[in-house]
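Overview (structure and organization)
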Amino acid sequence: MSIPSLEDLHAIGALQQPTYPDRGALDDAVTRLRTMPPLVFAGECDDLTEKLAAVTRGEAFLLQGGDCAETFADVTADNVRNKLRVLLQMAVVLTYAGSVPVVKLGRLAGQYAKPRSSDLETRVVDGEEVTLPAYRGDAVNGFDFTPESRIPDPQRLLDVYNASAATLNLVRAFVTGGYADLRQVHTWNTDFVKSSPAGQRYEQLAGEIDKALSFMKAIGADPEELRRVDFHSSHEALLMEYEHAMTRIDSRTDKPYNVSGHFVWIGERTRQLDGAHVEYFRHISNPIGVKLGPTATADDALALAARLNPENTPGRLSFITRFGADKVRDGLPGLVEKVTAEGVQVAWVCDPMHGNTFTSSTGYKTRRFDDVVGEVQGFFDVHHALGTWPGGILVEMTGDDVTECIGGGEELDEHGLAHRYESVVDPRLNRVQSLELAFHVAEMLRAGTA
């Protein structure tokens, strides 16, 4: 199946696209991207589809996490290692304490573009109102509030490719070079985490794992699975020029794959059934996701499934729900019940971040940790009540000691947000909060399988 041309996709109507002032420069960047080597390979995408099929069947749990919006400046060995480290810690907690296999999926190596509610942003500068194009992520323009920075620049699409390649190279080196070895469970716990209740709880769990590993060694068991992990990349495939240019025909199957990431998803703002994103996604062979918010109906979900996964292949499609802690118990049951009744093969994943954002009294965009946990609990409760499988979580998090979300064991309040607020778009859980969330989810998993 060949994919539609860029011209056809834009004719359909691609939402949330930047307006580039230099069309020639954009065409040159796209032409250059089409010649670049794949960032991921079709066989790797198929492997992830198989893993997500296990999630769909209720045999595994998906842990997906990373930055709200990656930045080029953060592509360093330390930043990549820190994000990977907290995801490995969370996965260990979920696997050991939750007694379930965990599929590990990074929200990284491509998450450089963000949809915005407005094309323009207005601020008061030197006593005067100034209106400039909104920041749409480093893939499009700069965060600095200046006319030069905010002009969409096609060269940034090539920068996305290079930054993603560097990130993937680092991740692959870490997961195959010994860093992901399960014997490293203690070394993943840094000083600032060890001093927290979640970190201390993790140390206790790590001690139990050490004893289990010592027993296995004593009886001569040393499986390869202990020394490495399978780790895949994901991002919201928002920018048509980039995603289309990074689409290749697989020589094994003659099918098109998006080789910019293993798993790509359609956002809440671009999931229109007759829109360009759905049209593009239905042609690629990657495992894919669709965000479903409070306005999504069961009929919407069924129509999307029929369009995006007409063969009803397990592992192909994930529905990522984002209702908000106060709406999930009312909005989710109707979706799950009807989709399940129709026999649709889908992995249900909870995004507990985007429905729980508000502006603090101190002016920071933030989220309450209790609301994040509350939405995940509501997600689990709905699935347990219906006899369906709560397949996974997608969290915006970082491996650093930032102060962007309120609450958790550290009891961060609104005034504490100013201490280390670093996100350029949405607030993220810090490492301690992420680990604490993993323990909460592990308890929910145990309760559901008991």
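Residues numbered from 1 in each chain as written. Predicted model: local features only at pLDDT ≥ 70, side-chain atom pairs only at ≥ 80, totals over all residues. Heavy atoms only, no water.

**So, empty space enclosed by the protein**
Put simply, the test is: Definitions used throughout: a 1 Å grid over protein atoms alone; a cavity as a set of points that fits a 1.4 Å probe which cannot get out; a pocket as an open set with protein on both sides within 12 Å along at least five of seven lines; a lining residue as one with an atom within 4 Å of a point. Grid points are joined across faces, edges and corners, and a volume is the space filled by probe spheres set on the points. Secondary structure elements are defined from DSSP: runs of H or I of at least 4 residues count as helices, runs of E of at least 2 residues count as strands, and each element is numbered from the N terminus. The residue classification treats Ala, Val, Leu, Ile, Met, Phe, Trp, Tyr, Cys and Pro as nonpolar and Asp, Glu, Lys and Arg as charged. All others, Gly included, are polar.
For the structure on display, the rule yields two cavities of 30 Å³ or more. Its boundaries defined by the atoms lining it, the largest cavity holds a volume of some 80 Å³. Along the walls of the largest cavity sit Gly110, Tyr112, Ala113, Ala139, Val160, His235, Glu236, Leu238, Leu239, Tyr242 and Glu243, which together make up its complete lining. Of all the secondary-structure elements, those providing two or more residues to the lining of the largest cavity are β5 (231-236) and α9 (240-245). Across the lining of the largest cavity, the residue classes break down as seven nonpolar, two polar and two charged. Size it by volume and the second largest cavity reaches roughly 50 Å³. Contributing to the lining of the second largest cavity are Asp67, Glu70, Thr71, Asp74, Val75, Val80, Lys83, Tyr112 and Thr167.

**Examining the nonpolar core**
Heads up, the condition is: Definition used in this section: a nonpolar core is a set of buried Ala, Val, Leu, Ile, Met, Phe, Trp, Tyr and Cys residues joined via side-chain atoms within 4.5 Å. Remark: exposure states derive from per-residue accessible area (1.4 Å probe, protein chains only) relative to the maximum for the residue type, with buried under 20%, exposed over 50%, and partly exposed in between.
In this structure, Phe319 and Leu437 are the most contacted members of the largest nonpolar core, which totals 119 residues. Examining the composition of this core, we find that 11 residues originate from one element, helix α4 (residues 77-98), more than from any other. Ranked by size, the runner-up nonpolar core spans 14 residues in total, among them Leu48, Val55, Phe263 and Leu394.

**Considerations on the pairing of strand β10 (residues 317-321)**
Cut-off, in case you're wondering: The pairing criterion for strands is at least two bridges between them, as found by DSSP. Convention used here: a crossover is right-handed provided that the path from the first strand, over the helix, to the second strand proceeds clockwise when the strands point away from the viewer.
Buried residues dominate β10, accounting for five of its five residues. Inspection of the sheet shows β10 paired to strand β11 (residues 347-350) by four bridges, in the parallel sense. The residue bridging phenylalanine 319 from the neighbouring strand is tryptophan 348, located in β11. In the classification by handedness, the crossover that spans β10, the intervening helix α12 (residues 328-341) and the parallel β11 is right-handed.

**Here we look at the sheet that holds strand β14 (residues 392-396)**
Note the following rule: Axis geometry follows a simple rule: fit a line to the C-alpha atoms, using only the stretch in contact for helices, then measure angles between N-to-C directions, giving values from 0 to 180 degrees. We call two residues in contact whenever any of their non-hydrogen atoms come within 4.5 Å of each other.
Read around the barrel, eight strands follow the order β1-β2-β5-β8-β9-β10-β11-β14 and close on themselves; strand pairing throughout is parallel. Between one strand axis and the next, the sheet turns by 25° as a mean value, whatever way the strands run. Packing of helix α13 (residues 369-386) onto the sheet brings it into contact with β1 (61-66), β10, β11 and β14, and relative to β11 it is tilted by some 155°.

**Re the pairing of strand β3 (residues 120-125)**
Across six bridges, β3 lies against strand β4 (residues 128-133) in antiparallel orientation. Of the residues in β4, the one forming a bridge with glutamate 121 is leucine 132. Count of turn residues in the β3/β4 antiparallel hairpin: two residues, of which aspartate 126 carries a positive phi of about 55°.

**Comments concerning the side chain of glutamate 279**
Cut-off, in case you're wondering: Throughout this description, a polar contact denotes any pair of N or O atoms lying within 3.5 Å of each other; where both atoms belong to protein, one of them has to be capable of donating a hydrogen while the other can accept it, and for residues adjacent in sequence the pair is counted only when both atoms sit in side chains.
Note that glutamate 279 resides in helix α10 (residues 276-281). Side chain to side chain, glutamate 279 and arginine 282 meet in a polar contact 2.9 Å long. Apart from residues no more than four positions distant in its own chain, glutamate 279 is found in contact with Pro4, Leu9, Ile12 and Arg307.

**With respect to the layout of surface pockets**
Here the largest pocket is characterised by a volume of approximately 670 Å³. Along the wall of the largest pocket there are 27 residues; nearest its centre are Thr95, Val102, Lys104, Glu225 and Val229. When residues of the lining of the largest pocket are traced back to their parent elements, those giving at least two are α3 (42-56), α4, β2 (102-107) and α8 (197-218). For the lining of the largest pocket, the leading source of residues is α4, giving five residues. Broken down by class, the residue content of the lining of the largest pocket amounts to 18 nonpolar, two polar and seven charged.

**Topic: the packing of α4 against α8**
What counts is decided by this rule: The crossing is said to be left-handed when, going from far helix to near helix, the turn is anticlockwise and less than a right angle, and right-handed when the turn is clockwise.
The geometry of α4 relative to α8 is characterised by a closest axis approach of 11 Å and an angle of 65° between their N-to-C directions. By crossing handedness, the relation of α4 to α8 is classed as left-handed. Contact residues: α4 offers Gln89, Val92, Val93, Tyr96 and Ala97, while α8 offers Tyr202, Leu205, Glu208 and Ile209. For the contact of α4 with α8, the residue count by class is seven nonpolar, one polar and one charged.

**Examining the environment of leucine 437**
One can find leucine 437 in helix α14 (residues 431-449). With a relative accessible area of 0%, leucine 437 lands in the buried category. Linking leucine 437 and alanine 198, residues 239 residues apart in sequence, is a C-alpha distance of 9.1 Å. Setting aside chain neighbours within four positions, we find leucine 437 in contact with Phe369, Val372, Val373, Val376, Ile393, Val395 and Leu429.

**Thoughts on the pattern of salt bridges**
To keep it simple, the criterion reads: Definition used for salt bridges: Asp or Glu carboxyl oxygen within 4 Å of a side-chain nitrogen of Lys or Arg.
Considering all chains together, one arrives at 30 salt bridges under this definition. A salt bridge links arginine 123 to glutamate 121; the nearest nitrogen and oxygen atoms lie 2.7 Å apart. Across the pair glutamate 279 and arginine 307 runs a salt bridge whose closest N-O atoms are separated by 2.8 Å. Taken together, the residues glutamate 279 in helix α10 and arginine 307 in helix α11 (residues 298-308) connect sequence positions 28 residues apart. Of the residues examined, glutamate 279 reaches a relative accessible area of 11% and is grouped as buried. Within this structure, Asp67, Glu70, Lys83, Glu404 and Arg428 form a network of salt bridges that share partners.

**Observations regarding the environment of glycine 13**
Looking at the element boundaries, glycine 13 is found in the loop between α1 (6-12) and α2 (23-34). With 107 residues separating them in the primary sequence, glycine 13 and leucine 120 have C-alpha atoms 20 Å apart.

**Observations regarding α2**
Heads up, the rule is: How far a helix is expected to stretch is found by multiplying one less than its residue total by 1.5 Å. The reported arc concerns the directions from the helix axis to the C-beta atoms and nothing else.
Its 12 residues give α2 an end-to-end C-alpha distance of 17 Å, which sits within 8% of 16 Å, the value for a rise of 1.5 Å per residue. Every buried residue of α2 is accounted for by Leu26, Ala29, Val30 and Leu33. Seen from one end, α2 has its buried residues packed into an arc of 95°, which puts them on one side. Residues of α2 that are exposed and angled more than 90 degrees away from the buried face: Asp28 and Thr31. N-cap assignment for α2: the residue whose side-chain oxygen lies 3.2 Å from the backbone N of glycine 24 is aspartate 22.

**Quick look at unusual backbone geometry**
The phi dihedral of glutamine 16 is positive, around 60°, even though this residue is not glycine. Tracing the chain through its elements places glutamine 16 in the loop between α1 and α2.

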